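# Examining the three-dimensional arrangement
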Amino acid sequence: MAEVPSIYQGPVRNTLDRLHAAAKRDVTQFFKLGPKLLAGFVRGKGLWEVMTPEAMKGAYLPVSPEQGQLLYLTARALDARTVVEYGTSFGISTIYLAAAVRDNGGGVVIGTEIEPGKHATALANLEEAGLAEIVDIRLGDAQETLQQTPEPIDLVLMDGWKELYLPLVKLLTPRLRPRAVVLGDNIFTFRKALRPYVEHMQDPQNGFASTTLKLSDGFEYSVYLGDR
Ligand SMILES: C[S@@+](CC[C@H](N)C(=O)[O-])C[C@H]1O[C@@H](n2cnc3c(N)ncnc32)[C@H](O)[C@@H]1O
């Protein structure tokens, strides 16, 4: 008999349902940001410069359920055992990834979160989902916390603040296994800020084949074709 994936049942499903519902109610965070956004625009600042981790410390900003399922399915297809995530927030994407790694037979998901409150809540949410033993969620700036990771890396999710996608993918590329997948979120919302990242991933000279999926607000799906 075929297995039932853990994202469809039990504590993983229950925790995801609770968190997705809470994130849906979370639109108030954006209303709170309104005055800051307005003041920023008046001073010529873009959305990007106004949305600091401090300003967004209460906001979920999660992957959608469809993106979460794609993360789970991709990690299963790759038989992923080592996953790295930039931008954990309250841990929704981390749960999809950790569930896949556990269903594959075990391994580790390295998460990164710069906001201490979010980091603590993510750990509690992973505990509730029964996945605490699969994750190593690092508190601090990803530029430091990702200096050392296990390798080879099977799968990477880029979902933190956008100016770091490119430097972080350059940092992690030498640790990728052949045919590793790198997924980058929010390509349409932050089109300008992410253009250098998309151009890098879509230039085969850099070792990747890549396409922008029209899923949620744009998911860059990149496959590493280089060697180790
Ligand atoms: C879009 S949210 C992540 C959502 C998460 N992947 C999910 O699906 O639930 C981005 C997160 O990245 C964090 N972040 C921003 N800059 C960071 C940095 N330099 N290092 C680590 N985390 C950072 C923010 O605090 C925020 O919680």
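Residues numbered from 1 in each chain as written. Predicted model: local features only at pLDDT ≥ 70, side-chain atom pairs only at ≥ 80, totals over all residues.

The next thing to look at is the overall build of the protein. Helix and strand content of the protein: nine helices and seven strands. Over its C-alpha atoms the protein spans a radius of gyration of 17 Å, differing by no more than 12% from the 17 Å that the globule rule assigns to 228 residues. Along the first, second and third principal axes, the C-alpha atoms of the protein reach 60 × 45 × 30 Å. Here the protein holds 228 residues, and 41% of them are scored as buried. Across the protein, every contact between residues at least 6 apart in sequence was considered, and the portion connecting residues at least 24 apart equals 74%. (Helix = DSSP H or I, 4+ residues; strand = E, 2+ residues; numbered from the N terminus. Rg over C-alpha atoms; globule rule 2.2 N^0.38 Å. Buried ≥ 20, exposed ≤ 12 C-beta atoms within 10 Å, placed from the backbone. Contact = placed C-beta atoms within 7 Å.)

Sheet architecture is open: seven strands sit in the order β3-β2-β1-β4-β5-β7-β6, paired in mixed fashion. Because the sheet does not close on itself, it has two edges, and the strands there are β3 (135-139) and β6 (208-213). Adjacent strand axes in the sheet meet at a mean angle of 15 degrees, parallel and antiparallel pairs treated alike. Of the strand pairs in this sheet, β6 and strand β7 (residues 219-224) are connected by six bridges, and their pairing is antiparallel. Looking at β7, one finds that L213 is bridged to F219. Its contacts with the sheet place helix α4 (residues 65-77) against β1 (82-86), β4 (153-158), β5 (176-185) and β7, and it is angled at close to 170 degrees to β4. On top of the sheet, helix α9 (residues 191-202) reaches β5, β6 and β7; it is set at about 130 degrees to β6, its chief contact. (Pairing = 2+ DSSP bridges. Axes fitted to C-alpha atoms, helices over the stretch in contact; angles between N-to-C directions.)

Turning to the site of the ligand, a few remarks are in order. Taken together, 21 residues form the shell around the ligand, and within it P62, G87, S89, I92 and S93 come nearest. Listed by contribution, the elements that provide at least two residues to the shell around the ligand are α5 (92-103) and β2 (108-113). Residue composition of the shell around the ligand, by class: 10 nonpolar, six polar and five charged. (Near = placed C-beta within 6 Å. Nonpolar A, V, L, I, M, F, W, Y, C, P; charged D, E, K, R; others polar.)

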